[in-house]
Amino acid sequence: MKTAFKTDAGLIRDTNEDAVLINDDIKLYVLSDGMGGHNAGEVASALANEVMENSLKGKEPSAPMLIAAVQDANAAVYQKQLTDTALSGMGTTMTALWEGEEHVYIAQVGDSRAYLMRGSKLMRMTEDQSLVGDLIRSGALTPEQAKTHPYRHVITQAVGTEEEVTPAAQKVLKCQGDVWLLCSDGLNDMIDDDEIAEVMREYRGEECAEKLITMALDAGGRDNVSVLILEVDA
């Protein structure tokens, strides 16, 4: 895949706790959004990505293997925060894409998202594992109401906060020309899916990543924001 990546701490926060892994050798791409006091979120996201990479080296891409790697990452982060009081309670979201010969495999924990642009249509391929996500799916909240809900940032699952985690996973047939977007919630909290789609129709690669980050910052930049653009070229 052709890759383009951009990240920014945003306009409010002093540190950037997002971490992105790009490993073209094993065709693994991971975006993690850390959380926790001090620098703990940064530690969690970096450690989770490192474990993912090490767990999948030499493996054939598959959904079960990807799920197992996320569970390995969860165990590592969980043990780290148990043994270091300065890191207690840390965790991270994670959205991972692993490219195989005919399919891509997606795994997700938390509310970092994966989108797929196929032709001119943008599809959100993940569901937010969050309180407002659950409320939207149950019909108790509309997407518009969710944008201003006081608990909109409460996630229902994260890597490393509990002893066990259950990633959502899927297999998607590859199509030439597909463009994938992995992003932290600092993007989709600031701009809506229609705006994201408009940018992805008009721009590609680094220019697309730069434009999305700029729009998130122009809209307020309240959080760290990271985007990873992946173009299927075969």
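Values in this document were obtained by computation on a predicted structure and should not be read as measured data.

Details of the overall build of the protein chain
Point 1. Broken down by element type, the protein chain carries 7 helices and 11 strands.
Point 2. Along the three orthogonal principal directions, the C-alpha set of the protein chain runs to about 50 × 45 × 35 Å.
Point 3. For the protein chain, restricting intrachain contacts to residue pairs at least 6 apart in sequence, the fraction spanning at least 24 positions comes to 69%.
Point 4. Here the protein chain contributes 20 positively and 40 negatively charged side chains, and the mean placements of these two sets differ by 4 Å.

A closer look at the pattern of salt bridges
Point 1. What the rule picks out here adds up to 8 salt bridges.
Point 2. Residue Lys-174 is joined to Glu-99 by a salt bridge in which the shortest nitrogen-to-oxygen separation is 2.8 Å. In this pair, Lys-174 sits in the loop between strand S9 (168-173) and strand S10 (179-183) while Glu-99 sits in strand S5 (residues 94-99), placing the two residues 75 residues apart along the sequence.
Point 3. Owing to a relative accessible area of 15%, Lys-174 belongs among the buried residues under this scheme.

Focus on the side chain of Arg-113
Point 1. Position of Arg-113 relative to the elements: it lies in strand S7 (residues 113-118).
Point 2. Overall, Arg-113 belongs to the buried group, its relative accessible area being 9%.
Point 3. Among the polar contacts made by the side chain of Arg-113, one reaches the side chain of Tyr-115 at a distance of 2.8 Å.
Point 4. With sequence-adjacent residues up to four places away left out, Arg-113 is seen in contact with Thr-95, Arg-124, Thr-126, Asp-128, Leu-181, Leu-182, Cys-183, Asn-188 and Asp-193.

Describing the nonpolar core
Point 1. Counting 27 residues, the largest nonpolar core has Leu-28, Met-52, Leu-56, Leu-66, Met-94 and Val-159 as the members making the most contacts within it.
Point 2. Among the secondary structure elements, those contributing two or more residues to this core are strand S3 (28-35), helix H1 (40-56), helix H2 (63-83), S5 and strand S6 (103-109).
Point 3. For this core, the element with the highest residue contribution is H1, accounting for 7 residues.
Point 4. Leu-181, Leu-187, Ile-196 and Cys-208 belong to the second largest nonpolar core, which has 25 residues in total.

Thoughts on a negative patch on the surface
Point 1. The grouping of Asp-194, Glu-195, Glu-198, Glu-202 and Glu-207 at the surface amounts to a negative patch.
Point 2. Among the elements that make up the negative patch, the one with the highest residue count is helix H6 (residues 193-202) (4 residues).
Point 3. On the secondary structure map, Asp-194 appears in helix H6.

Observations concerning the sheet that holds strand S11 (residues 225-231)
Point 1. On the basis of which strands lie adjacent, the open sheet formed by 5 strands has the order S1-S11-S10-S7-S8 and antiparallel pairing. Looking along the sheet, the strands with just one partner apiece sit at the ends: strand S1 (2-8) and strand S8 (121-124). Each adjacent strand pair in this sheet contributes to an overall mean axis angle of 15 degrees, direction not counted.
Point 2. Pairing between S7 and S10: 5 bridges, direction antiparallel. From the neighbouring strand, Tyr-115 faces S10, where its bridge partner is Leu-181.
Point 3. Across the sheet, H6 lies against S7, S8 and S10, angled at about 50 degrees from S7, the strand it touches most.
Point 4. Across the sheet, helix H7 (residues 205-218) lies against S1, S10 and S11, angled at about 155 degrees from S11, the strand it touches most.

Observations regarding unusual backbone geometry
For residues that are not glycine, phi is negative in most cases, and the peptide bond is trans in most cases.
Point 1. The backbone of Lys-27 sits at a positive phi, close to 60 degrees, despite the residue not being glycine.
Point 2. Topologically, Lys-27 is positioned in the loop between strand S2 (18-23) and S3.

Some points on the state of the cysteines
Point 1. Scanning the entire structure with this criterion turns up 0 disulfides.
Point 2. Cysteine Cys-208 shares no disulfide, and the gap to the nearest cysteine sulfur, in Cys-183, comes to 11 Å.
Point 3. Of the residues examined, Cys-208 reaches a relative accessible area of 1% and is grouped as buried.

Structural notes on the packing of H1 against H2
The description of two helices packed together rests on the angle between their axes and the distance between the axes.
Point 1. For the pair H1 and H2, interaxial distance at closest approach is 8 Å and the crossing angle is 140 degrees. With respect to H2, the axis of H1 lies oblique. In this structure, H1 crosses over H2, and the sense of that crossing is right-handed. Contact residues: H1 offers Ala-44, Leu-47, Ala-48, Val-51, Met-52, Ser-55 and Leu-56, while H2 offers Met-65, Leu-66, Ala-69, Val-70, Asp-72, Ala-73, Ala-76, Val-77 and Lys-80.
Point 2. For the contact of H1 with H2, the per-class residue count stands at 13 nonpolar, 1 polar and 2 charged.

Cut-offs applied
Residues numbered from 1 in each chain as written. Predicted model: local features only at pLDDT ≥ 70, side-chain atom pairs only at ≥ 80, totals over all residues. Heavy atoms only, no water. Helix = DSSP H or I, 4+ residues; strand = E, 2+ residues; numbered from the N terminus. Contact = heavy atoms within 4.5 Å. Lys, Arg positive; Asp, Glu negative; His and termini not counted. Charge placed at Lys NZ, Arg CZ, Asp CG, Glu CD. Salt bridge = Lys/Arg side-chain N within 4 Å of Asp/Glu carboxyl O. Buried < 20%, exposed > 50% of the residue type's maximum accessible area, 1.4 Å probe, protein only. Polar contact = N/O pair within 3.5 Å; in protein donor to acceptor, adjacent residues only side chain to side chain. Core = buried A, V, L, I, M, F, W, Y, C linked by side-chain atoms within 4.5 Å. Patch = residues over 30% accessible without salt bridge, like charges linked within 9 Å, V, L, I, M, F, W, Y side chains within 5 Å. Areas by Shrake-Rupley, 256 points an atom, 1.4 Å probe, with all protein chains shown as cover. Pairing = 2+ DSSP bridges. Axes fitted to C-alpha atoms, helices over the stretch in contact; angles between N-to-C directions. Disulfide = S-S within 2.5 Å. Parallel < 35°, antiparallel > 145°, perpendicular 65-115°, else oblique. Left-handed = near helix turned anticlockwise from the far one by under 90°. Nonpolar A, V, L, I, M, F, W, Y, C, P; charged D, E, K, R; others polar.

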